[in-house]
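Residue-level structure breakdown
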Amino acid sequence: MSLVLGIVIAIENESFSKAHYFFIGFSALYIMLFWALNAVKKVEFKIAFSVLHLLISFFFGICLVQFHNGANAASHISKQSDKIDAYVAKVVSEPEYKPKSVKAVLQILKIRQNETWRLCTGKIIAYFPVGHKICYGDVFIVNSAPDTLQSPLNPHEFDLKRYYGFKGISHRHFIKEKNYGCIKNEPDNVFIAFSIEVRQKVDAIFQAYISQKRERDIASALILGIKNELDDEIEYAYAATGTMHVLAVSGLHVGIIYALFQFITSFLLRFKYGNFLQYLLVLTLLWAYGLVTGFCPSVLRAVTMLTIMLTSKIILRKANIFNTLFVTSFLLLCYNPYMVMEVGFQLSFLAVLGIAALHEPMYRLFEFRNRAVDMLWGITVMSIAAQLATFPLGMLYFHQFPNLFLLSNLFVIPYATLIMYIGLLFVAMAWCSPVATVLGVLVEKMVWGLNYTILGIEKLPYSLWLGIEISVFETWLIYISIASVCLFFIYKKYYFFVAFSVFVFGMFILNMFKIYKFTHQTKIVVYQVNRGYCIDYIAGRD
């Protein structure tokens, strides 16, 4: 927790330039105390060691951000004061083809200022004219300058600068057709280039055998994580029913793939060293799947956790789910500390934490002899546990709550699992056209049924609670309240219920204060819009 706190503080405040001295100093003090004190005194100084642990983790988090923050370099594009006449940049992301443009992330290599070329660093988001083929690794010379991303000018407006800043992107450029030219293609990472090529070939299989665009787009999202082509109506329906997680390749998908790989490679257990061979093959296939789907934070988390758990199993050690989760978060944050600010990362870890903490106690509340009913109960418990852990964050970011999440997930999880298995078989049999044709039609009809059901649930009365406005402080209060009531039911200690009551009462008072403030407010707000301004007079709720 102290590591995350250090990372967040360093991201929000760049004034900790001497943090590495504190990290080295506290680390040295910890080592000296560890070796200087005998075993008895170590127990006596347990609190001191705990405090040092927290301080070291905190300053290590700050150091991680400073190490990964390329904007601090003098050669960074954001540090250039002179006008940029032209620049050379490389495509470092998979291009997204949109109706009016082609979107890609460019890594700046050189800039031209005052007729002089010089080395430069930094990333920009670029929009190329539609109809032009852009590939990963393409190196362009652009004869114009990118624009610095601006902070929002209106209240509650999405902060594009902050969003892209977490990804190391500081500029944006709408490139005109005659202002650029491709010099060469030189991919930085052959594995990423290969994964993009595989993803595009599999997507081409979907396009060849699935005729309906909506069903084809959902199949690509479900299996490959490609969401660029999803239409707004279907995307809204999945979000409104609490099933958006099936369209973003996540831990659910990795778990489904893992079960499939375990089954396929189970024949290896008959041979000597079969366990080890299965372990190597399954891990290779899992990381390959993660690579092909683009390694979003939730996939990285799931694959890394499975790697740790399978490694523990192969060396005959029992893996604790909580330790595994925290080690995974530590490794991923060391790789990229800015992941902590991504919604997908936060939701993914909270969902797993909720399932790990609540699934077993809730599952034991009822026992069912019927296997099908027991399976449905297991899915229900998993959905409730994940929702309890993620809904406060969902309300904070998306200002809504899917009231019928339980109904939709009871259907979607097993049905999406079946679609994935058939879809993977369809891709594997693409070499045999007659079989691929039949499987393609089957996948299309199944996805149509999935969409039809989701759209039907979304249209039910009161399926979505909209217009929720909560602050970060209120989000923490909700989480503490949830933790308190869960601990009360698990351990039956009255003080947990007292804590729950206190925090709920605090939220009630806070909400009453907000209602009073809104009903008695009087203000004038000036909004900046295209080519002018709008003035809004607010009196109370009107």
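Report on the accompanying structure. Keep in mind it's a predicted model, so treat the numbers as computed, not measured. (Residues numbered from 1 in each chain as written. Predicted model: local features only at pLDDT ≥ 70, side-chain atom pairs only at ≥ 80, totals over all residues. Heavy atoms only, no water.)

1. Structural notes on the overall build of the protein
This is how it is decided: Runs of H or I in DSSP of at least four residues are treated as helices and runs of E of at least two as strands, each being numbered from the N terminus. The globule rule is 2.2 Å times the number of residues to the power 0.38, and the radius of gyration it is compared with is taken over C-alpha atoms. We call a residue buried when its accessible area falls under 20% of the maximum for its residue type, exposed when it is over 50%, and partly exposed in between, using a 1.4 Å probe and counting protein chains only. Residues are treated as being in contact if the distance between any of their heavy atoms lies within 4.5 Å. The positive count covers Lys and Arg only, the negative count covers Asp and Glu only, and His and the chain ends enter neither. Where a charge lies is defined by one atom per residue type: Lys uses NZ, Arg uses CZ, Asp uses CG and Glu uses CD.
In terms of regular secondary structure, the protein is built from 18 helices and 13 strands. Taken against the 2.2 N^0.38 rule, which gives 24 Å for 542 residues, the C-alpha radius of gyration of the protein at 26 Å falls within 12% of a compact globule. With the C-alpha coordinates of the protein rotated into their principal frame, the extents come out at 75 × 65 × 65 Å. Buried residues in the protein amount to 41% of all 542 residues. In the protein, of all internal contacts separated by at least 6 residues, the share reaching a separation of at least 24 is 67%. Within the protein, one finds 46 positive and 34 negative side-chain charges whose respective centroids are separated by 7 Å.

2. Re a nonpolar patch on the surface
For clarity, the threshold we go by: Put simply, a patch holds well-exposed residues, over 30% relative accessible area, that have no salt bridge, with like charges counted together within 9 Å and Val, Leu, Ile, Met, Phe, Trp or Tyr side chains within 5 Å. Surface exposure here means Shrake-Rupley accessible area, sampled with a 1.4 Å probe, where a residue is shielded only by the protein chains that are shown. Basic side-chain nitrogens of Lys or Arg form a salt bridge, by our definition, when they fall within 4 Å of a carboxyl oxygen of Asp or Glu.
Residues F505, F508, I509, M512 and I515 make up a contiguous nonpolar surface patch of roughly 460 Å² in combined accessible area. Tracing the sequence through the fold places M512 in helix α18 (residues 494-519).

3. Describing the environment of F345
In this fold, F345 is placed in helix α13 (residues 343-363). Sequence spacing of F345 and V299 is 46 residues, and the spatial spacing of their C-alpha atoms is 9.4 Å. Every residue in contact with F345, bar those within four places of it in the chain, is listed here: P297, L332, L333, M339 and V340.

4. Focus on the pairing of strand β13 (residues 532-539)
Rules: The rule for pairing is simple: two strands pair if DSSP sees at least two bridges between them.
As paired elements, strand β12 (residues 522-529) and β13 share 8 bridges and run antiparallel to each other. Note that in β13 the partner of I524 across the bridge is Y537. Counting the residues between successive antiparallel strands, the hairpin from β12 to β13 contains 2 residues, one of them, R531, with a positive phi of roughly 65°.

5. Some thoughts on the state of the cysteines
Under the convention used in this document: A pair of sulfur atoms, both from cysteines and within 2.5 Å, is called a disulfide here.
This model, assessed by the stated rule, comprises 0 disulfides. With no disulfide partner, C120 has as its closest neighbouring cysteine sulfur the one in C182, 20 Å distant. Overall, C120 belongs to the buried group, its relative accessible area being 5%. Not engaged in a disulfide, the cysteine C135 finds its nearest cysteine sulfur in C182; these two sulfurs lie 8.1 Å apart.

6. Here's the deal with helix α9 (residues 251-264)
An α-helical turn contains 3.6 residues, so a residue and the one three or four places further along point in the same direction. Applied cut-off: Here the expected span of a helix is defined as 1.5 Å times the quantity of residues minus one.
For α9, built from 14 residues, the straight-helix expectation of 20 Å at 1.5 Å per residue is met to within 8% by its first-to-last C-alpha distance of 20 Å. The elements touched by buried residues of α9 are α7 (213-224), α10 (274-292), α11 (297-314) and α15 (405-428).

7. A short note on the packing of aromatic side chains
What counts, and what does not: Between the rings of Phe, Tyr and Trp (Trp by its six-membered ring), a pair exists once the centres lie within 6.5 Å; its type follows the angle of the planes, with under 30 degrees stacked, over 60 edge-to-face, and the other angles tilted.
According to the stated counting rule, one finds 24 aromatic pairs in the structure shown. Between F128 and F140 the ring centres are 5.0 Å apart and the planes differ by 40°, which places this aromatic pair in the tilted class. Residue F128 is found in strand β5 (residues 123-129), and its partner F140 is found in strand β6 (residues 138-142); the two are separated by 12 residues along the sequence. For the pair formed by F128 and F140, the shared burial category is buried.

8. Regarding unusual backbone geometry
Most of the time, phi is negative for any residue but glycine, and the peptide bond is trans. Even without glycine at this site, N114 takes up a positive phi of about 55°. Tracing the chain through its elements places N114 in the loop between β3 (101-113) and β4 (116-119). Of note in this structure, Y273 is not a glycine but carries a positive phi near 60°. The residue Y273 is located in the loop between α9 and α10 in this model.

9. Side note on the packing of α7 against helix α16 (residues 433-458)
The condition is simple: Orientation is described by lines fitted to C-alpha atoms, with helices fitted over the stretch in contact, and by angles between N-to-C directions that extend from 0 to 180 degrees. Roughly parallel covers angles under 35 degrees, roughly antiparallel covers those over 145, roughly perpendicular covers 65 to 115, and oblique covers all other angles. Residue type decides the class: Asp, Glu, Lys and Arg count as charged, Ala, Val, Leu, Ile, Met, Phe, Trp, Tyr, Cys and Pro as nonpolar, and the leftover types, Gly among them, as polar.
Relative orientation of the contacting elements α7 and α16 amounts to 95°, with a least axis distance of 9 Å. Between α7 and α16, the interaxial angle falls into the category roughly perpendicular. The residues of α16 that touch α7, namely those facing R214, E215, I218 and A219, are V443, E444, V447, W448, N451 and L455. For the contact of α7 with α16, the per-class residue count stands at 6 nonpolar, 1 polar and 3 charged.

10. Looking at the nonpolar core
One broad trend across soluble globular proteins is that nonpolar side chains are buried collectively. The test is simple: For this analysis, a nonpolar core means a set of buried residues of the types Ala, Val, Leu, Ile, Met, Phe, Trp, Tyr and Cys, connected via side-chain atoms within 4.5 Å.
In this structure, F206, Y238, L286 and F426 are the most contacted members of the largest nonpolar core, which totals 49 residues. Secondary structure elements with two or more residues in this core: α6 (190-209), α7, α8 (232-240), α9, α10, α11, α15 and α16. Among the elements that line this core, the one with the most residues is α16, at 8 residues. A10, I62, V340 and F345 belong to the second largest nonpolar core, which has 24 residues in total.

11. As for the pattern of salt bridges
Scanning the entire structure with this criterion turns up 12 salt bridges. Among the ionic pairs, E360 bridges to R364, the shortest N-O distance being 3.6 Å. Residue R364 is classed as exposed on the basis of its relative accessible area, which comes to 55%. Put simply, K90, K184, E186 and D188 are held in one network by salt bridges that share partners.

12. Overview of the packing of helix α14 (residues 371-398) against α15
Spelled out, the test is: Handedness of a helix crossing follows the sense of rotation of the near helix relative to the far helix, less than a right angle counterclockwise being left-handed and clockwise being right-handed.
Look at α14 against α15: their axes get within 10 Å of each other, and the N-to-C directions meet at 125°. Viewed along their axes, α14 and α15 adopt a mutual orientation that is oblique. For the element pair α14 and α15, the recorded crossing hand is right-handed. For the pair α14 and α15, the contacting residues are L376, I379, T380, M382, S383, I384 and Q387 in the first and F405, L406, N409, L410, I413 and P414 in the second.

13. Focus on the side chain of N409
Selection criterion: Any pair of nitrogen or oxygen atoms within 3.5 Å is treated as a polar contact; in protein, a donor-acceptor pairing is required on top of that, and neighbouring residues in sequence qualify only through side-chain atoms on both sides.
Within the element layout of this structure, N409 appears in helix α15. Under the relative-accessibility criterion, N409 is labelled buried at 3%. A distance of 2.8 Å separates a polar atom in the side chain of N409 from the backbone oxygen of F405.

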